[in-house]
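Structure at a glance
This is what each chain is made of:
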Amino acid sequence: MSDSDSPVPEREAEDGSGADGRTVPRESIDAAWADLFPFDPYPQQADGVERALDTMSDGGYLMLEGACGTGKTLIALVAGLQAVADGAGERVMAVTPVKQQLKQFVSEVQALVRNGADVDGLVMVGKRDLLPYARTGAIPGESVHEASSDMRETTARLVSRESRLELDVAPGALDGRINVCEAADCDRLSYSELKCPEHRGEREEDVPWYDPVRAAALCHLVEGMDGPRLETAGASAPYSADPPHTRDVLDIYDSEDLPAGDAGYFDPFYARYFADEEWIPFDFSAGEEGVLTPDSLVNAAVRRGTCPHEAMASLMGEADVLIGNYNHAFDPLTRRLTNEKAGVLDEETLLVVDEAHMLEERVRDLLSDSVSLHALRTAHRDVTLAREYLSGTGGEPGADAAAHRRHAEETLKEFESVTGRDLAAVGSFLEWVAGRIDDEVSEFLESEYGDWQRRFREGSLPEEDHEIPLRDPEAVETDRVTDAAEERFAGDIWARVRDAGYVVAKIHENDGQTDRTPVSAGVGRVLFDWGTADRGTYFRELELEFSEKAVADTTLPDWASAYNADLTLFNCIPRDPLAAVLDDLAGGVLMSATLEPFDVYRTVSGLDVLSGSGEPADSEESADGDREGEDREPRTVETASYGLAFPEANRESWVVDLPAFTYRNRGPPVTEYGEMTRTRKAYAGAMTTLARSHGNVLVCLPSYREAEWAVEYLRDHVEKPVLRDRSSEASETDEMLDRFFQRDGVDRVLVTSARGTVTEGVDYRGDRLHCAVVVGVPYANTATPRMKAVMNAYDRTFGEEGGSAPPGAGGGSAGFSTAVQVPAVRKARQAFGRVLRGPDESGVRVLLDERYLRDAPRSVNGLLGERERREFSAVSPDMLDLGLERFWSARE
């Protein structure tokens, strides 16, 4: 969670008083940034801003660890904006994986504006949150992304300067801007031009591809349609609530002259953007206190009939502060699209990474990729149809086969590296890969379950997902699919499938008789990466997801009725791509309440291989592939750490000396006390004591499976309501938290996994939580093939660089310590950090496991923060009840 990062509770935010009232008067600070601060800062805030500013002024990065109450958000924003004012960059981009913290960034920017700062802010979100018809659920089809893309493509064809589609408008309409072609004996409309497309010459280079008059005419026609208007974000649009169709605006529709590829729904908001010649008819003042949030952006755009997504892209380059999620900075696809449109991820952007302890895990997921059996079969169909078009035999009944062939041949001629023979080879390859998946899955299911078909029919097949490794995860070697593919096909098959997939997609996109949405380009790209990506960095496996369904397609394998299957290319170690992204930017701040050990974080995040602090990863190529190897100034990487600013008297911090809560020690999760192992009995007793203590109690187990055990046991031994958190939809989690936070005089217990979602990113401020308990060390399951591959990659990378287990890690390899132990202890620190959110709050933080003690076997004490090591004291289980009673009695 982010601490709410307001330095004080909301009611005190205006005067900025701290835990003990000690602040630094702004008038005593001889620095320009003091004028930005909305109140007198805490000492740690003043120190943090100075450190961050000094670091960013040299193009460096500050690793900032700050406990709740530090005010990390304001530190980073004020320092970043002052660095911009000093010429160190043009903008600040703040990214966070937590929605609540995104709102906090908005609120802090607004506070700066209220204080007189001249700052424009913009929240970046995806198309689903911005496109009006997507927001209202009116987009046709099952896939919002595909349907919206199709609508925009149809719109582009309608407003194209070269379009020969006649809009149903009369000459002289739109205040006389609609003209008739000047060519003799031609009565076609010419819109912005003197002549229609058939009679004009080549378009001049500086003339845009779209025709603003055509676009305006299109919007005019939709405005005149009957029916209710679209309403969203508190605004009413000038267009209909349902997406318009080409049949509504073209005067040739009934003549059957309209190719199928040009028919379809379109987006008038997108058309208005071109009618306005890419001008946005509002600015940041449309947002509350200078910040355009998704709702205020959509409201301003919809009322004016223009596209909110295009408005966001156009305004990004003008914003002083951009606020978004990790995808905007680190996802290769999102990053590429953002740069093409707005160009804001460059050496003029200062980056603020919130909840930076999550960065490695989240970016690893962003850099991983997969392709499903369904996608492979669809791509194979794309190739087959393209080949049929080229042969003159393709197309739907009644289609013009000659036109298909002409379009396909014209497209193929544009790409000299791909031939018809390549398409044949790639079609065979895709068919072979799909067959190989069938073989691998069938063999696995037979070895795992025997007669799995019978068990599936009987309903006794476990509803479990599976990983099928295609190589030894603890070695660096090729996988079975790659070996077999290169043995059966030519060695260049990976490049051929990538190139042919792209060309096939273009054939379908350029064909005038089809509205098919091809997948061959995406599939080809993933398969190219599969065959060429580094073997140690990427782990190749098959993922099976249990998904019971009726399958009517008899060409599908039998197991398709029980499972979905994906070929997965999993990124094990994202350090080099992270370093490439960070090295392209102007510097910044990476902040969290749990970054220590700093040396480990510096290594896994790529900060240790930035220019000047080591050999930069992939130094010849940036994240966007355009590094030129130019000389660059050395990068400064600094650290800053601030502990809890709240009175120590308001908290107790204990490590309860219990045997390690490991799989071997604790035994099976039985709830009958007499059947428990000695270790499980000890934990059951300690949890019961803590759950019965004053107020709301959060109990965090190492896994959801163990959390289920704790719930069942505590419900039989605690009078308080015991709530179960489980892996579920966000809406279910929100409902469960609402029950836990009820202020009805009833105390509750919430049981969850320390690796779940409610231990990070959730605000337990005020009287929402009084005691946080972490049971055991929440290690990831190291027995999975994927986790073994990750540990192997870390061992190989950091071991070869002379790395070893960090101090205090309790032994183990560098890979285990870095990839498993350190993230696990950060999870524990995040969990017990929930309990104290403000200076007036009191609470108890408890770690149940001897491994958190300094001298215990396999101790992880050294991975706690320095101040936590000092504050957490050992307590025996039999003294726990007395300690709790004394603490809460003193609070009364």
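These numbers come from a predicted model, not from an experiment. (Residues numbered from 1 in each chain as written. Predicted model: local features only at pLDDT ≥ 70, side-chain atom pairs only at ≥ 80, totals over all residues. Heavy atoms only, no water.)

**Details of the pairing of strand β1 (residues 61-66)**
This is how it is decided: Exposure categories follow from relative accessible area, calculated using a 1.4 Å probe and restricted to protein chains: below 20% of the type maximum is buried, above 50% is exposed, and the middle band is partly exposed. Under the scheme used here, helices are H or I runs from DSSP no shorter than 4 residues and strands are E runs no shorter than 2 residues, and both carry numbers assigned from the N terminus. The criterion for strand pairing is that DSSP finds at least two bridges linking the strands in question.
Counted residue by residue, β1 has 6 buried out of 6 residues, so it is predominantly covered. Alternating residues of β1 divide into Tyr61, Met63 and Glu65 and Leu62, Leu64 and Gly66, and every residue in both groups is buried. In this sheet, strand β14 (residues 637-642) lies alongside β1 in parallel orientation, the contact comprising 6 bridges. Looking across to β14, one finds that Leu64 is bridged to Ala640.

**What about a negative patch on the surface?**
Here is the rule we go by: Each patch is built from residues lacking any salt bridge and having more than 30% relative accessible area; the joining distance is 9 Å for like charges and 5 Å for nonpolar side chains (Val, Leu, Ile, Met, Phe, Trp, Tyr). In short, Shrake-Rupley with a 1.4 Å probe defines the accessible areas, and a residue's cover is counted only from the protein chains shown. Here, a salt bridge means any side-chain nitrogen of Lys or Arg that lies within 4 Å of a carboxyl oxygen of Asp or Glu. Working convention for charge: Lys and Arg count positive, Asp and Glu count negative, and His plus the chain ends are omitted. Here the site of a charge means atom NZ of a Lys, CZ of an Arg, CG of an Asp or CD of a Glu.
Taken together, the side chains of Asp472, Glu474, Glu477, Asp483, Glu486 and Glu487 define an acidic patch exposed on the protein surface. Note that Glu477 resides in the loop between β10 (466-469) and α19 (480-488). Taking the relative accessible area as the measure of exposure, Glu477 reaches 32% and is therefore partly exposed.

**Some points on the packing of aromatic side chains**
Condition: We call Phe, Tyr and Trp rings a pair once their centres come within 6.5 Å, taking the six-membered ring for Trp, and we label the pair stacked below 30 degrees between planes, edge-to-face above 60, and tilted otherwise. A ring is considered to have a charge above it if a Lys NZ or an Arg CZ atom is located within 6 Å of its centre and within 35 degrees of its normal.
One pass over the structure, following the stated rule, counts 25 aromatic pairs. Arranged with centres 5.5 Å apart and planes meeting at 85°, the rings of Trp209 and Tyr210 form a pair that is edge-to-face. Residue classification places Trp209 among the partly exposed positions, given a relative accessible area of 35%. Exposure remark for Tyr210: the relative accessible area of 3% places this residue in the buried category. Taken together, a centroid distance of 5.2 Å and an interplanar angle of 85° make the contact between Phe429 and Phe489 edge-to-face. With Phe429 in helix α17 (residues 420-449) and Phe489 in the loop between α19 and α20 (493-510), the pair connects residues that are 60 residues apart, well separated along the chain. Residues Phe429 and Phe489 agree in their burial class; the two are buried. By the ring-pair criterion, three or more aromatic residues cluster together here, those being Trp209, Tyr210, Tyr270, Tyr273 and Phe274. Directly above the aromatic system of Phe528 lies the positively charged group of Arg498, at a separation of 4.1 Å from the ring centroid. In this structure, Arg540 packs its charged tip against the face of Trp530, placed 6.0 Å from the ring centre.

**Digging into the sheet that holds β10**
Backbone hydrogen bonds hold the strands of a sheet together, and the pairing may be parallel or antiparallel. Keep this limit in mind: The convention used is that axes are lines fitted to C-alpha atoms, helices contributing only their stretch in contact, and that angles between N-to-C directions extend from 0 to 180 degrees. Here a residue-residue contact requires only that any non-hydrogen atoms of the pair lie within 4.5 Å.
Judged by pairing direction, the sheet is antiparallel, and its 4 strands sit side by side in the order β9-β12-β11-β10 without closing on themselves. This sheet does not close on itself; its edge strands, each paired only once, are β9 (369-372) and β10. Shown here is a sheet whose adjacent strand axes are inclined to one another by a mean of 25°, direction ignored. On the sheet, helix α21 (residues 520-532) packs against β9, β11 (538-546) and β12 (563-571) and is oriented at approximately 120° with respect to β9.

**Structural notes on the sheet that holds strand β20 (residues 843-848)**
As summarised here, the arrangement of the 7 strands in space is β17-β18-β16-β19-β20-β15-β21, forming an open sheet in which the pairing is parallel. Each of the sheet's edge strands pairs with one partner strand only, and the pair in question is β17 (722-724) and β21 (873-875). Geometrically, the sheet is characterised by an average inter-axis angle of 25° between neighbouring strands, direction not taken into account. Strand direction decides the pairing type here: strand β16 (residues 697-701) and strand β18 (residues 749-753), joined by 5 bridges, are parallel. Across the sheet, Val697 pairs through a bridge with Val749, a residue of β18. Packed onto the sheet, helix α25 (residues 678-691) meets β16, β18, β19 (771-775) and β20 and runs at close to 175° relative to β20. Each of β16, β19 and β20 is contacted by helix α29 (residues 814-832), which is oriented at about 160° to β19, the strand it contacts most.

**Some remarks on the nonpolar core**
Basically, it comes down to this: Residue types Ala, Val, Leu, Ile, Met, Phe, Trp, Tyr and Cys, when buried and joined through side-chain atoms within 4.5 Å, form a set referred to as a nonpolar core.
Ranked by size, the top nonpolar core spans 189 residues in total, and within it Phe330, Phe429 and Trp559 carry the most contacts. Per element, the largest residue contribution to this core is 12 residues, and it comes from α17. Non-local contacts of Trp559, meaning those with residues more than four positions away in its chain, are made with Leu373, Ile437, Asp438, Val441, Ser442, Leu445, Trp452 and Ala565. Among the nonpolar cores identified, the runner-up in size contains 51 residues, and Phe646, Val774, Ala831 and Leu863 belong to it.

**Looking at the confidence of the model for the protein**
Worth spelling out the cut-off: Think of pLDDT as the predictor's per-residue confidence, scored from 0 to 100.
Residues at a pLDDT of 70 or more form 92% of the protein, whose mean pLDDT is 89. Within the model, pLDDT remains below 50 along residues 1-19, and this stretch shows 68 contacts once partners closer than five positions in the same chain are excluded. In this model, residues 613-630 is a region of pLDDT below 50 whose contacts with residues beyond four sequence positions or in other chains number 34 contacts.

**Examining the packing of helix α1 (residues 43-57) against helix α2 (residues 72-85)**
Between two packed helices, the angle of one axis relative to the other and the distance separating the axes together describe the packing. For clarity, the cut-off: What sets the label is the angle itself: under 35 degrees gives roughly parallel, over 145 gives roughly antiparallel, 65 to 115 gives roughly perpendicular, and the rest give oblique. Two helices that cross are described as forming a left-handed crossing if the nearer one is turned anticlockwise from the farther one by less than a right angle, and a right-handed crossing if clockwise.
In the contact formed by α1 and α2, the axes pass within 8 Å of each other and the chain directions differ by 40°. Of the possible angle classes, the one that applies to α1 and α2 is oblique. In this structure, α1 crosses over α2, and the sense of that crossing is right-handed. Each of Gln44, Gln45, Gly48, Val49, Ala52, Leu53 and Met56 in α1 lies in contact with α2, whose residues at this interface are Leu74, Ile75, Val78, Ala79, Gly80, Gln82 and Ala83.

**Quick look at helix α9 (residues 268-275)**
As a reminder of what qualifies: A 3.5 Å cut-off defines polar contacts: any pair of N or O atoms within that distance qualifies, except that in protein one atom must be a possible hydrogen donor and the other a possible acceptor, and neighbouring residues in sequence count only when both atoms are side-chain atoms.
Among the 8 residues in α9, 8 count as buried, and that is most of the element. Where α9 begins, one side-chain oxygen reaches toward the backbone nitrogen of Phe269, 3.0 Å away; that side chain belongs to Asp267. With its phi angle positive at about 55°, Glu277 sits one or two positions after the end of α9.

**Details of the pattern of salt bridges**
Tallying each qualifying case throughout the model produces 48 salt bridges. Across the pair Asp499 and Arg498 runs a salt bridge whose closest N-O atoms are separated by 2.9 Å. Judged by its relative accessible area of 30%, Arg498 falls in the partly exposed class. Across the salt bridge formed by Asp583 and Arg635, the nearest N and O atoms sit 3.3 Å from each other. Placement of the pair is Asp583 in helix α22 (residues 575-584) and Arg635 in the loop between α23 (598-604) and β14, with a sequence separation of 52 residues. Look at Arg635 and you get buried, because its relative accessible area is 10%. When salt bridges with common partners are traced through the structure, they connect Glu65, Arg829 and Glu868 into a single cluster.

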